[in-house]
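Structure assessment
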There are 2 protein chains.
Amino acid sequence: MRKGSVGIVAPEKIPFETPLVLENGQTLPRFDLMIETYGTLNAEKSNAVLICHALSGHHHVAGYHSAQEKHPGWWDNMVGPGKPIDTDRFFVVGLNNLGGCHGSTGPLTQNPETGKDYGADFPVVTVKDWVKSQTMLADHLGIRKWAAVVGGSLGGMQALQWTIDYPDRVAHALVIASAPKLSAQNIAFNDVARQAILTDPDFSDGHYAQESKIPTRGLRIARMMGHITYLAEDGLGEKFGRDLHSDGYQYGYGVEFEIESYLRYQGDKFAGRFDANTYLLMTKALDYFDPAAEYGHNLQKALKDVQAKFFVASFSTDWRFSPERSKELVRALIAARKPVQYIEVQSDHGHDAFLMEDEAYIRAVAAYMNNVYKDAQA
Amino acid sequence: MRKGSVGIVAPEKIPFETPLVLENGQTLPRFDLMIETYGTLNAEKSNAVLICHALSGHHHVAGYHSAQEKHPGWWDNMVGPGKPIDTDRFFVVGLNNLGGCHGSTGPLTQNPETGKDYGADFPVVTVKDWVKSQTMLADHLGIRKWAAVVGGSLGGMQALQWTIDYPDRVAHALVIASAPKLSAQNIAFNDVARQAILTDPDFSDGHYAQESKIPTRGLRIARMMGHITYLAEDGLGEKFGRDLHSDGYQYGYGVEFEIESYLRYQGDKFAGRFDANTYLLMTKALDYFDPAAEYGHNLQKALKDVQAKFFVASFSTDWRFSPERSKELVRALIAARKPVQYIEVQSDHGHDAFLMEDEAYIRAVAAYMNNVYKDAQA
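Residues numbered from 1 in each chain as written. Chains lettered and ligands numbered in written order. Predicted model: local features only at pLDDT ≥ 70, side-chain atom pairs only at ≥ 80, totals over all residues. Heavy atoms only, no water.

You'll find chain A entered in an unreviewed UniProt entry as Homoserine O-succinyltransferase, with Bergeriella denitrificans given as the organism. UniProt, in the comment section headed Pathway (unreviewed entry), describes chain A in these words: "Amino-acid biosynthesis; L-methionine biosynthesis via de novo pathway; O-succinyl-L-homoserine from L-homoserine: step 1/1." Entered under Catalytic activity (unreviewed entry) in the UniProt record, the comment concerning chain A runs "L-homoserine + succinyl-CoA = O-succinyl-L-homoserine + CoA". (UniProt positions renumbered as here; feature names shortened; annotations may be inferred.)

Here you go:
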């Protein structure tokens, strides 16, 4: 399936000078969104696809920023010429969400009211706020209606929120490895991650940057724990089992099993590249997401005015957002008489499967996007 | 089912002045085991039952240390007059394992070679070491053969190890909510817990006591995460769901959902009462446990000379030690032609179910212990 690459791409920072009123009552006087686009917007502006990112994602969805860059964008297997989200057909937009740490306005950028970085003063934003900011981006790009809004995990939540809040602006929503709201267990894992960061002495109440500190310990623990929950138990067993890192037991607290080496490496890598305040607010956006709440906690009612058609996908071994959670959405869509295609992909890769090269999954998205393209031409 | 209490009980510290050679090659020159006993040892010394504890357990299994004590011992619903492990019939022994923090020799006790507390210098002990020390305790009590060795989780591992290492000294083994070895996912969760403690600045390389510090941050995170994994997702959902702690969203990092309040409380309570070095070494004992390893990684072979009869129990929603893990043991016992009774209890309480008052579970243990009693009389 893997075909061409979008090649070398450049991000762009789009300034928005209009104030944005947030769900928590605060107002952002202005903001920037860092974006990347691939493909060409057609004359009718009917072929635009928005890619919404998950917890640690960003605008760099596909291609390379330079010939030296080792790894392509985070969904390069899905987005490119001839790929399921085909850049020969679609104008694809990736963005870094508000509160992110990859160039959009967030904890790492300057608060115009103080002249200092926002840090912990950056407001807690929600999926609804993100979608609102994304409508301003759509307006800026001249896109009245997205051919599709696509996302996995927290990205899928944004796609769903789009169809509810702006029903006439989304033709298709692809909601992958997601859920209509978090469970108590999901929230619990998020809270432990947050507590690890908040209680790291180097967190300094979120103003660590001003003190030239980084709460790497907390971020590392948060990521290590998160990583376990993104993987399937069976997949972990097949990949690592009880394999030892060295010969024999060490009877100490260094790396003993290969799984420990792997997890600590993932934790260290993440702690070195991700902002702690952003991690905190992304997990809160996950916790708060519950579009049915506004509609008497009735998801079917929340979907009543939706005009989009849906593609919903889940992965058999995903226990963070299990197939059952996707089926809740599918059942509500069916009850609300909305068109929906659902696929449960057999996979050993747990929640992370949505980022991976699974033949059945990639083909299902490709087939669905073919229909999206036909709709966009009509 | 809940019948009488063993009433007010007093622990006893048993000194062992014989050196104990550990699996890691180190020798403990001497050690103490803190124990509690209930009921009366019969003249034939055939009615003794050993209770092995799990990660955070100890010798105080049943009854109260004083009339003021609020909560009884940790398995009071299982042990007492007329209860499944009936102290009118059995002489029941509870102990705090080596390396524990409840009075037995461990990180909190004095190293006779230095005159200072062991702290981080206490050696990493294994399930095999514990069982070896428990044979010395049996000898001290004049017990040649246990009527039963009983344990849940890490306690069940000790019961299993007993039957393999000392086949003629155990008549029955009750292995509850346990596994013949940890999976990669189990080890991964343990390692994140350890990393949370080891990287807490107040851990001070394990010599925090000498510096009058306690690594409460790390212990708290370890326990919060552990606690999530001990509970069932559905059980958490039913108990907490998305219930808010106050009215409406707070848009901050204080307690927002009830599940957060509960977890933080559990974490704080644990951090205030448990020793960090003990937590570390208990999790290592879990990781290392793999009795089949000595027998070419063939569990059936490891069980070849076992003389004990087995009772194995698992709980439907326990995902830390799932029913599948108990079945591995059951299948190996059957293949090795050893008598085994197996029950999978339907429960909403996840791994913690083994400590709880479930009618079907309690009755199954009671029925099995009735047979144990008959065997002990024969």
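Before going further, it helps to spend a moment on the sheet that holds strand S10 (residues 172-176) of chain A. Consider a sheet: its strands pair through backbone hydrogen bonds, and that pairing is either parallel or antiparallel. All names here are of chain A. The strand order S1-S4-S8-S5-S9-S10-S11-S12 describes an open sheet built from eight strands, whose pairing is mixed. The sheet terminates laterally at strand S1 (12-16) and strand S12 (340-345), the two strands that pair on one side only. Each adjacent strand pair in this sheet contributes to an overall mean axis angle of 20°, direction not counted. Helix H1 (residues 127-141) contacts S1, strand S4 (31-38), strand S5 (48-52) and strand S8 (91-95) of the sheet and is inclined by roughly 60° relative to S4. (Pairing = 2+ DSSP bridges. Helix = DSSP H or I, 4+ residues; strand = E, 2+ residues; numbered from the N terminus. Axes fitted to C-alpha atoms, helices over the stretch in contact; angles between N-to-C directions. Contact = heavy atoms within 4.5 Å.)

This part covers the side chain of Thr283 of chain A. Residues and elements named next belong to chain A. Mapping Thr283 onto the fold places it in helix H7 (residues 276-288). Engagement of the side chain of Thr283 in a polar contact is seen with the backbone oxygen of Leu280, the distance being 2.7 Å. Leaving out residues up to four positions away in the same chain, Thr283 has contacts with Leu55, Asn190 and Arg194. (Polar contact = N/O pair within 3.5 Å; in protein donor to acceptor, adjacent residues only side chain to side chain.)

On to the domain arrangement of chain A, then. Residues and elements named next belong to chain A. When the domains of chain A are assigned, the result is domain 1 (12-181 + 291-377) and domain 2 (186-284). Distance from the C-alpha centre of domain 1 to the C-alpha centre of domain 2: 26 Å. Taken residue by residue, the interface counts 32 residues in domain 1 and 28 residues in domain 2. Taking both partners together, domain 1 and domain 2 bury about 2400 Å²; carbon and sulfur atoms supply 59% of that area. Per-residue buried area on domain 1 facing domain 2 is highest for Leu55, Trp319 and Arg320; these three make up 33% of the total on that side. Where domain 1 packs against domain 2, one counts zero salt bridges. In this structure, the connection of domain 1 to domain 2 is made through eight residue pairs in polar contact (both at pLDDT 80 or more). For the side of domain 1 that touches domain 2, a count of residues per class yields 15 nonpolar, 11 polar and six charged. (Domains from an automatic or database assignment. Buried area = accessible area lost by both parts, 1.4 Å probe. Salt bridge = Lys/Arg side-chain N within 4 Å of Asp/Glu carboxyl O. Nonpolar A, V, L, I, M, F, W, Y, C, P; charged D, E, K, R; others polar.)

On to the relation of the copies chain B and chain A. Of the transformation superimposing chain B on chain A, the axial component is 0.0 Å and the angular component is 180°, with the fit at an RMSD of 0.0 Å. Read as a symmetry element, the transformation amounts to a two-fold axis. (Least-squares fit on C-alpha atoms with pLDDT ≥ 70 in both.)

Next up on the list: the sheet that holds strand S11 (residues 309-315) of chain B. Residue and element names in this part refer to chain B. Read across the open sheet, the eight strands follow the order S1-S4-S8-S5-S9-S10-S11-S12; overall the sheet is mixed. Edge positions in the sheet fall to strand S1 (12-16) and strand S12 (340-345), since each has one partner strand and no second. When the angles between neighbouring strand axes are averaged without regard to direction, this sheet yields 20°. Bridge count between strand S5 (residues 48-52) and strand S9 (residues 148-152): four bridges; the pairing is parallel. Each residue of the ladder has a partner; that of Val49, found in S9, is Ala148.

All names here are of chain A. Spanning 12 residues, helix H2 (residues 154-165) covers 16 Å between terminal C-alpha atoms, matching the ideal 16 Å at 1.5 Å per step. The element H2 is extensively covered by neighbouring structure, given that 11 of its 12 residues are classed as buried. Restricting attention to buried positions, one finds in H2 the residues Leu154, Gly155, Gly156, Met157, Gln158, Ala159, Leu160, Gln161, Trp162, Thr163 and Ile164. (Expected span 1.5 Å × (residues − 1). Buried < 20%, exposed > 50% of the residue type's maximum accessible area, 1.4 Å probe, protein only.)

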